[in-house]
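# Coordinate analysis (summary)
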Amino acid sequence: MPDNLIQVILHGIAKPAVTDLGYMPAFKDSMSDGQVAELASFLRSQFAPGKPAWTDLAATVGRIRQTIAR
Ligand code: HEM
C-alpha cells in the first residue's frame, strides 16, 4: 500500500531529515481524497507500469488523513 507516498503528499516535509534538503509543502488543505488518489494512481502507472494498480486509494487517503504528521 502506498501509505508513505500518501503521507508525504498530505503532510509534506516540515522538518527535513538533513539540512541540505528543503521543505515540501503539505497538500492536505488543497487536495481532496479523490485528487490525492488520482495523483497516486497516475504515479503508480507512470513509474511502476509492470506492477498491479493500487486499490481503494481514496479510502486509504481518508484513513491517512486522520493520522498525525511526523
Ligand atoms: C515519495 C514521494 C515524495 C517524496 C519522498 C518527496 C520528497 C520531497 C523533498 C525531500 C522535497 C524537498 C526538496 C529540496 O531539497 O528542495 C520535496 C519538495 C517538494 N515536493 Fe515532494 N516528495 C514526494 C512526492 C511529491 C509529490 C507527489 C508532489 C506533488 C504533489 C510533490 C511536490 C513537492 C513540491 C511542490 C516541493 C517543493 C519544491 C520547491 O519548493 O522547490 N512531492 N519533496
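Scroll up to find the structure.
Let me sum up the structure you'll find in this document. Only a predicted model underlies this, so the values are computations on that prediction, with no experimental measurement involved.

### Some thoughts on the overall build of the protein
- Along its length, the protein carries 3 helices and 0 strands.
- For the protein, the N- to C-terminal ordering of α and β elements is α-α-α.
- Taking the principal axes of the C-alpha coordinates as reference, the protein spans close to 35 × 25 × 20 Å.
- Going through the 70 residues of the protein one by one, you find that 26% of them count as buried.
- Carbon and sulfur atoms form 58% of the exposed surface of the protein, whose accessible area is close to 5,000 Å².

### Here's the deal with the nonpolar core
- Core analysis: the largest hydrophobic core is formed by 10 residues, namely Ile6, Ile9, Leu10, Met31, Val36, Ala37, Ala40, Leu57, Val61 and Ile64.
- Put simply, the parts of the chain that give this core at least two residues each are helix 1 (3–11), helix 2 (33–47) and helix 3 (57–65).
- Excluding residues within four positions of it along the chain, leucine 10 makes contact with Ala26, Phe27, Lys28, Val36, Val61, Ile64 and Arg65.

### Some remarks on the environment of leucine 10
- The residue leucine 10 is located in helix 1 in this model.
- Each C-alpha atom of the pair leucine 10 and tyrosine 23 lies 13 Å from the other, and the pair is 13 residues apart in sequence.

About the thresholds
Along every chain, residues carry numbers that run from 1 in the direction the sequence is written. The predicted origin of the model limits local features to residues at a pLDDT of at least 70 and limits the giving and counting of side-chain atom pairs to 80 or more, whereas totals for whole chains, interfaces and linings rest on all residues. Heavy atoms throughout the structure, all of them, feed into the side-chain values; hydrogens and water do not. Runs of H or I in DSSP of at least four residues are treated as helices and runs of E of at least two as strands, each being numbered from the N terminus. Relative accessibility under 20% of the residue-type maximum defines a buried residue, over 50% an exposed one, and the middle range a partly exposed one, all with a 1.4 Å probe and only protein chains included. To be clear on the numbers: accessible area is Shrake-Rupley with a 1.4 Å probe, and residue cover counts the displayed protein chains and nothing else. Among buried residues, the Ala, Val, Leu, Ile, Met, Phe, Trp, Tyr and Cys ones that are joined through side-chain atoms within 4.5 Å form a nonpolar core. Throughout, a residue-residue contact means that at least one pair of heavy atoms, one from each residue, lies within 4.5 Å.

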